[in-house]
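One-letter residues, chain by chain:
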Amino acid sequence: MRIINFSHGDFVVIGMYTAIVLYTQLGWDPLLSLLVALPLGFLLGVVLERLILSRLVDVPEGSTLLATLGLSLVVQNTLMLSFGASPRSLNVAYGSATVNLGPMTLSVIQLVAGGIVLVVIAGLYLFLNYTERGQAVRATSQNRLGAELVGINTRSVHSLVFGVGVALSVAAGIILIPQLFVTPVITGPVFTLKAFVVTVLGGLGNVWGAIGGGLLLGVVEVLGAAYISFDYRDAYGLVAFLLILLLRPEGLFGRTVKRV
Amino acid sequence: MPASRASPSILQAERVSVRFGGLRAVDDVSFRLECGKILGLIGPNGAGKTTLFNALTGYVPLSSGRVTYLGSDVSRSPPFERTRKGMGRTFQIERPFEGLTVLENVLIPAFLRFPGRGDAEAWAGECLERVGLADRRKQLSSELNLARRRRLELAKALAVKPRVLFLDEIMAGLNPPALTEMIEFVLSLTLDGTAILMVEHIMQAVVELSDHIIVLAFGKKIAEGTPEVVTSSPLVIEAYLGGVDDA
Amino acid sequence: MKRFSGSLAQLALFIAVGLALPLLPGTNFSLLITLLLFIGLATSWDILGGWTGQTSLGHAAFVGIGAYALALGTNRLGLDAISAVQLGVGVAVLFALLWGSLTFGLRGSYFTLSTIAIAEILRLAAINEAWFTGGSAGLFISSLPEPFGLDLFERRVEYYLALVYAASVLACVMWFASGRFGYEMRAVREDEAAAQASGINPTRIKLRAFALSGALTALGGGVYGAYLSFLDPHNLFFLPLSVQIALTAIIGGRGTVWGPALGATLLILPAELFRSVFAEANLLIYGLLILIVTLFVPRGLIGELERYLLRRRYAREQG
């Protein structure tokens, strides 16, 4: 939708804290929390889009970026005031369980996460290609005015997309928390930055590109850390990001956009 | 036009082509424009008029061919360099600098010829006077109506002291009295030897103003000549009535 | 020249207030130095971000360059303080020109993203090249040469330095605001294609604005370094500082002479007050302020005010 969302990673963090609170207060397993958090995350996204982003028409460029930056600061610091700055995590019984697959050892959580990612990708693919709503989303993303002219309600498409985005971010947080530590302020930007790198690598507005970009970022970081210098691990992704932005702004996997 | 061949040519296009991928938006177009003359560029929608216009002013790169201005090759010059040399233009969709007042809008191109603020302001005021916007100088440009935005576009183009002026559909959407006024105004611009190339849909304006008309269809020049010759050409009538095949 | 003499009077008033404040009893020098520094930094940012319309979220890099040039120049290269600051400004100009010529092909938000990435890479370098920069642990400026016999660690001296800095940046902006360069920058911000039709080379104007903006920011970084006397790469090169600088200018009004200064006053003074009331909440307040400003005063306080005044003056003249 061409909205650069600065608060993306903070929704991952919201997911992580949701899982922690539901586990410690109610004893819910993260997978159970997921079922509740998905619709709530979707609603949250829709409400935020309606309250904030949809109002930002006919304003100076970069306003959506600034608004999501403001949102990010609000989310981070509200969490900070509620939970404190110390890192938190969630220990579930299967948190350290592993499965042997031939020569590889994989943790159960990574397997579950991978499985859910595959389901989400398949779901997105089916939604975008085989449903009317999905095609409306693609049309709006390609040409907003054109979509409006053929009767698509682009406002509701924007809400829908932002809702799905937030729901998926929250879900990612819930799935990952047994493996990671979370702090209210630092964790969010790390995810946001990685998400930027991945989408720019893959090409904005391109689901397959995002998948390829994600894989590529992982490979670049691991190879760079192994063969050049571990200290600069985070920098390799950024350098790759800059190079792609400068050399191929449409992304590695994007089609060249022709201007007429 | 053998009669006017003797007068100095200010702008010359030689076998200009613009391709977008496989599409030939402008295909092998040549013409010559002389001092104080008006060249009309017409053709059905999608004929490549605006693309040719943008190629001549440097906003779209040429795929092949050559544009010569006052004897020097400007085919590879960026738009701002062409402006500096004296090729002024208006935009079909008016592009005022929205946050600035009418006077400030004209001040910006005026600085090109008068680096000092005082002189630039005087010249900008003069240009606004000429287009009849002097009483609007302190208004925000975003608040002007369509006809006035058009005139602001003209004032901005005049402020760079052009020797050749490119006018992109400045008549469109004007009511009859405003149209008559604009036609007279454009005619007055050529008195000091300024040459004009105009893309225009309003046939009345083109016929009344142009010394020479070029007709484009599917990127190709299909006819040219004086207004009388062109308007009676069966090829042109066919093109406008939509009788031309893709061939 | 009426325009310019008007702003000269405003500047004179600003300097007069600045000179008078230390005469009051119980002056909180730290607070005022921070305020003046942010007035200067935000006004410098605005040359690129407001006047030319290229939102940078990487200006902390220039603050870092200025501060580290002072520290490393005096303590490692044996320069006097003024040469060290000049070195920082020179490096900033070169860095801005290189950075700009690489990234000005990018549009809007993509340019902004690239500024974040570049500043972040510089921060990682400052942290990892510990042999030169002191690394993650930071860098103490234990001694500074005394130019003209001034002790740069004394708060009063730092205050006047910060005042000179802020006033110079404002003077610089006033000087170009009503002249050719100011209008060229605004033309580029509003519409690059139309700017070209006015004979303006947009890339060149953007590079010039970036170099000037970076140089003045690095100059402020030098003063900031002397004031902090402990340089922490996690602060000086980091995104939150870039955001704070940009935000200050945006709230006050991008592309106006006094907007960034007003923004700094509105953000720094309450932030210092809130800090003692509830320590961690000032960033929350920042976030809410950004949201409120982008939603309701998108052109910033001075920006909306100027627009309103222009409209009213025109309406009155019409009768």
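Right above here is the structure, for reference.
Residues numbered from 1 in each chain as written. Chains lettered and ligands numbered in written order. Predicted model: local features only at pLDDT ≥ 70, side-chain atom pairs only at ≥ 80, totals over all residues. Heavy atoms only, no water.

## What about the sheet that holds strand 5 (residues 72-73) of chain B?
Residues and elements named next belong to chain B. The 4 strands lie next to each other as 2-1-4-5, forming an open sheet whose pairing is antiparallel. A strand with exactly one partner marks an edge of an open sheet, and here the two such strands are strand 2 (23-34) and strand 5. Pairing of strand 1 (residues 9-20) with strand 2, which is carried by 8 bridges, proceeds in the antiparallel orientation. Bridge pairing in strand 2 links Leu11 to Leu33. (Pairing = 2+ DSSP bridges. Helix = DSSP H or I, 4+ residues; strand = E, 2+ residues; numbered from the N terminus.)

## Describing the sheet that holds strand 7 (residues 164-168) of chain B
Residue and element names in this part refer to chain B. Taken in spatial order, the 6 strands make up an open sheet running 6-7-8-3-9-10, and their pairing is mixed. The open sheet terminates on both sides in strands that have one partner only, identified here as strand 6 (87-89) and strand 10 (220-225). When strand polarity is set aside, the average angle formed by the axes of neighbouring strands in this sheet is 20 degrees. Here strand 3 (residues 38-42) runs beside strand 9 (residues 212-217); their pairing, made up of 4 bridges, is parallel. Bridge pairing in strand 9 places Leu39 opposite His212. (Axes fitted to C-alpha atoms, helices over the stretch in contact; angles between N-to-C directions.)

## A few points about the pairing of strand 3 of chain B
All names here are of chain B. Along strand 3, 5 of the 5 residues are buried, which leaves the element largely enclosed by surrounding structure. Going residue by residue along strand 3, you find Ile38, Gly40 and Ile42 tucked away on one face and Leu39 and Leu41 tucked away on the opposite face as well. Relative to strand 8 (residues 195-199), strand 3 is paired through 4 bridges, and the arrangement is parallel. Across the sheet, Leu41 pairs through a bridge with Val199, a residue of strand 8. (Buried < 20%, exposed > 50% of the residue type's maximum accessible area, 1.4 Å probe, protein only.)

## Comments concerning the interface of chain C and chain B
Of the residues lining the interface, 25 residues belong to chain C; the matching set on chain B comes to 31 residues. Here chain C packs against chain B, burying approximately 2,600 Å² in sum over the two surfaces, 57% of which is carbon and sulfur. Together, Arg180(C), Tyr183(C) and Tyr314(C) form the three largest contributors to the area buried by chain C at its contact with chain B, with a combined 25%. Measuring nitrogen to oxygen at the nearest pair gives 2.7 Å for the salt bridge that ties Arg95(B) to Asp191(C). Put simply, chain C and chain B have 15 residue pairs in polar contact (both at pLDDT 80 or more) between them. Taken together, the elements giving at least two residues each to the side of chain C that touches chain B come down to helix 8 (180-190), helix 9 (192-197) and helix 15 (301-317) of chain C. Partitioned by chemical class, the residues of the side of chain C that touches chain B number 10 nonpolar, 7 polar and 8 charged. (Contact = heavy atoms within 4.5 Å. Buried area = accessible area lost by both parts, 1.4 Å probe. Salt bridge = Lys/Arg side-chain N within 4 Å of Asp/Glu carboxyl O. Polar contact = N/O pair within 3.5 Å; in protein donor to acceptor, adjacent residues only side chain to side chain. Nonpolar A, V, L, I, M, F, W, Y, C, P; charged D, E, K, R; others polar.)

## Quick look at helix 12 (residues 239-252) of chain C
Residues and elements named next belong to chain C. Over its 14 residues, helix 12 extends 20 Å from the first C-alpha to the last, a length consistent with the 20 Å expected when each residue adds 1.5 Å. Counting buried residues in helix 12 gives 12 out of 14 residues, a clear majority hidden from the surface. Restricting attention to buried positions, one finds in helix 12 the residues Leu241, Ser242, Val243, Gln244, Ile245, Ala246, Leu247, Thr248, Ala249, Ile250, Ile251 and Gly252. Phi turns positive, to about 135 degrees, at Gly253, one or two residues after helix 12. (Expected span 1.5 Å × (residues − 1).)

## Some words on the pattern of salt bridges
Between side chains of opposite charge, a pair can form when the charged atoms approach closely. Enumeration according to the criterion identifies 17 salt bridges over all chains in this entry. Glu184(C) serves as the salt-bridge partner of Arg180(C), at 3.0 Å between the closest nitrogen and oxygen. Residue Arg180(C) and its partner Glu184(C) are both found in helix 8; the two are separated by 4 residues, about one turn of the helix. By relative accessible area, which is 27% here, Arg180(C) ends up partly exposed. For Glu184(C), a relative accessible area of 10% gives the class buried. It is possible to trace a salt-bridge network through shared partners that takes in Glu14(B), Arg66(B) and Asp73(B).

## What about the interface of chain C and chain A?
Accessible area lost when the parts come together is the quantity often used to give the size of an interface. Across the contact, 36 residues belong to chain C and 36 residues belong to chain A. Where chain C packs against chain A, one counts 0 salt bridges. Summed over the shared surface of chain C and chain A, the number is 0 residue pairs in polar contact (both at pLDDT 80 or more). Listed by contribution, the elements that provide at least two residues to the side of chain C that touches chain A are helix 4 (81-103), helix 5 (108-128), helix 12 and helix 14 (282-296) of chain C. In terms of residue count, the dominant contributor to the side of chain C that touches chain A is helix 5 of chain C (14 residues). Its residues assigned to classes, the side of chain C that touches chain A comprises 23 nonpolar, 8 polar and 5 charged.

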